[in-house]
Amino acid sequence: SLSSAIRDYEYSSKIATKTKEYYEANSKANQELKKLMDNSVQGTHSYEIPINDTRTLSVSVEINDDSYQILKWKEVSSETWENNDKLPVLGSEQEE
């Protein structure tokens, strides 16, 4: 049906945007790693590359001589989580 096709198109567009944003951040993270390697910076280095307003690529690498080991290469949320442990109950007083 037409509505199903529209939903599929919108979903595919969102996935394509997220994928593009991730690979752009991934490319920037690789460029940062190359800079560290080119400058012969030894030791453990961590940096973050924004993917979008809510996601970040968090990277940690250890560089020794002319080799490196990736310790972390992970997409993480950059939003602050707030605990909301209150559930509205019918007939209870609501705080405003």
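Note that the structure is a prediction, hence the values are computed from the model and not measured.

Caption draft 1: Examining helix α1 (residues 2-38) more closely. Its 37 residues place the ends of α1 54 Å apart at the C-alpha level, agreeing with the 54 Å of an ideal helix rising 1.5 Å per residue. Each element contacted by the buried residues of α1 is listed here: β1 (43-50), β2 (55-64) and β3 (67-77). At the exit of α1 stands Ser40, carrying a positive phi of roughly 50 degrees.

Caption draft 2: Region of interest: the nonpolar core. One finds Ala25, Ala29, Leu33, Leu36, Tyr47, Ile49, Ile51, Leu57, Val59, Val61 and Ile63 forming the largest nonpolar core, which totals eleven residues. Looking at this core, the elements with two or more residues in it are α1, β1 and β2. When residues no more than four places from it in sequence are discounted, the contact partners of Ala29 are Tyr47, Ile49, Leu57, Val59 and Trp73.

Caption draft 3: Examining the sheet that holds β3 more closely. The strand order across the open sheet built from three strands is β1-β2-β3, with neighbouring strands paired in antiparallel fashion. The sheet is open, and its two borders are formed by β1 and β3, each paired with just one other strand. Taken over all neighbouring pairs, the strand axes of this sheet differ in orientation by 15 degrees on average, direction set aside. Across ten bridges, the pairing between β2 and β3 is antiparallel. Residue Leu57 lies in a different strand from β3, and its bridge partner there is Glu75. Across the sheet, α1 is in contact with β1, β2 and β3; its angle to β2 comes to roughly 25 degrees.

Rules used throughout
- Residues numbered from 1 in each chain as written.
- Predicted model: local features only at pLDDT ≥ 70, side-chain atom pairs only at ≥ 80, totals over all residues.
- Heavy atoms only, no water.
- Helix = DSSP H or I, 4+ residues; strand = E, 2+ residues; numbered from the N terminus.
- Expected span 1.5 Å × (residues − 1).
- Contact = heavy atoms within 4.5 Å.
- Core = buried A, V, L, I, M, F, W, Y, C linked by side-chain atoms within 4.5 Å.
- Buried < 20%, exposed > 50% of the residue type's maximum accessible area, 1.4 Å probe, protein only.
- Pairing = 2+ DSSP bridges.
- Axes fitted to C-alpha atoms, helices over the stretch in contact; angles between N-to-C directions.

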